[in-house]
Every structure is written in C-alpha cells, then in structure tokens.
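Chain and residue survey
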Amino acid sequence: MHITVERELEMTLVLSPEHSASVPAKLLYRTDDPYAVHVSFHIGSAHPVHWTFARDLLMEGVFRPSGHGDVRVWPLSPGPAGRTPGRSVMCMALSSPEGEALLQAPSGPVAAWVERTLRLVPPGQESAELDLDEELGALLSEEPGV
C-alpha cells in the first residue's frame, strides 16, 4: 500500500525587492516515488504549475543552502523590518527554459512536512519502497512505439 503526505501552504513569489505575490502551493510526497517531492503552485491559470525534485534537496535546504541548477533551496533567518520580519523562511529558486521564480515559504510548516516524510520513509530506506521487479516487468512488457 502506498501512502501520500500532503501539505497546503501559502508561498510568496518574490517579484522584486519591493513587490511580491501570495501563491497557494501544495507539497506532495508519495511512498511509491520515495526519492522525490512534488510541488504544485496554483497561480490562477487553468492548470497548476508542477515541479518535482529530490527529497534530499528539500530536506537539506531547510537547514543550509542546497542544490544547483534548476532547483536551489536555502534558509533565510529573520531580518530587519521589511525582510522576513520575525519569522524564518526558506527560499526556493526555480529555473526552467520558460523562466525563473524565487519563492519563499515559512520554514516551520515545510520542516514539519519533511519530518513527516522522513518518519514514513527514513533516509536510506527509499529503495525498500520500490518494487523493482514490477517496474522492470512493466518496462520490458511495453510494446515499442507505444
């Protein structure tokens, strides 16, 4: 049986140092895809924007800078008025051929969600969740061109 861990939260899309917009987001972890986390951003379009990246990247990024290339995550401590006053946030920089985005999320809810995924599938135990025989059988039974 596969289990899903979800968390909805408000993230902040940083448009410039002076401007930002609230973005509803959903974090999703599935035990049948144990190495990945999925994030959906609801930006007012017909379909949400989906990103998938390594759970380890998010797990590490809550505490210290992590990742390079398309996905980077790092913590940002509370700062002076106007810059995350009174709360810790984590930043997520996403880059694709279609553009780039800098998002911020409250660290507490993200860290708690990551902790739930780690209790469900501890680090180093991800491969035990995969049914490699089933996956290989499905891959080998596919007809070419299908």
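Provided above is the structure to which this section pertains.
Let me begin by describing the structure that accompanies this report. (Residues numbered from 1 in each chain as written. Predicted model: local features only at pLDDT ≥ 70, side-chain atom pairs only at ≥ 80, totals over all residues. Heavy atoms only, no water.)

**What about the overall build of the protein chain?**
Inclusion rule: Helix and strand definitions here come from DSSP, where helices need a minimum of 4 consecutive H or I residues and strands a minimum of 2 consecutive E residues; each element is numbered from the N-terminal end. The buried label applies to any residue whose accessible area, calculated with a 1.4 Å probe on protein chains only, is under 20% of its type's maximum; exposed applies above 50%, and partly exposed to all values in between. Two residues form a contact once any of their heavy atoms are found within 4.5 Å.
What the protein chain contains, in helices and strands, is four helices and seven strands. Along the protein chain, helices (α) and strands (β) appear in the sequence β-β-β-β-α-β-β-β-α-α-α when read from the amino end. The burial tally for the protein chain puts 30% of its 146 residues in the buried class. Here the contacts in the protein chain between residues at least 6 apart in sequence split such that 36% fall between residues at least 24 apart.

**So, the sheet that holds strand β6 (residues 89–96)**
Worth spelling out the cut-off: We call two strands paired when DSSP finds no fewer than two bridges between them. The convention used is that axes are lines fitted to C-alpha atoms, helices contributing only their stretch in contact, and that angles between N-to-C directions extend from 0 to 180 degrees.
In space, the seven strands of this open sheet follow the order β4-β3-β2-β1-β7-β6-β5, with antiparallel pairing throughout. Both outer strands of the open sheet, β4 (49–54) and β5 (71–76), are each paired with one neighbouring strand and no more. Along the sheet, successive strands turn relative to each other by an average axial angle of 30°, direction set aside. Summarising the sheet, strand β2 (residues 20–30) and strand β3 (residues 36–41) pair through four bridges and their orientation is antiparallel. Across the sheet, the residue bridging to lysine 26 is serine 40, located in β3. Helix α2 (residues 107–120) contacts β1 (4–14), β2, β3, β6 and β7 (99–106) of the sheet and is inclined by roughly 155° relative to β1.

**Topic: the pattern of salt bridges**
What counts, and what does not: Put simply, a salt bridge is a Lys or Arg side-chain nitrogen that is within 4 Å of an Asp or Glu carboxyl oxygen.
Within this structure, the stated rule accounts for five salt bridges. In this structure, glutamate 6 engages lysine 26 in a salt bridge whose closest nitrogen and oxygen atoms are separated by 3.8 Å. You can see glutamate 6 sitting in strand β1 and its partner lysine 26 sitting in strand β2, a full 20 residues away along the chain. In this structure, arginine 64 engages glutamate 60 in a salt bridge whose closest nitrogen and oxygen atoms are separated by 3.8 Å. Here arginine 64 falls in the partly exposed class, since its relative accessible area comes to 47%.

In short, the description is geometric, and any link to function would need to be established separately.
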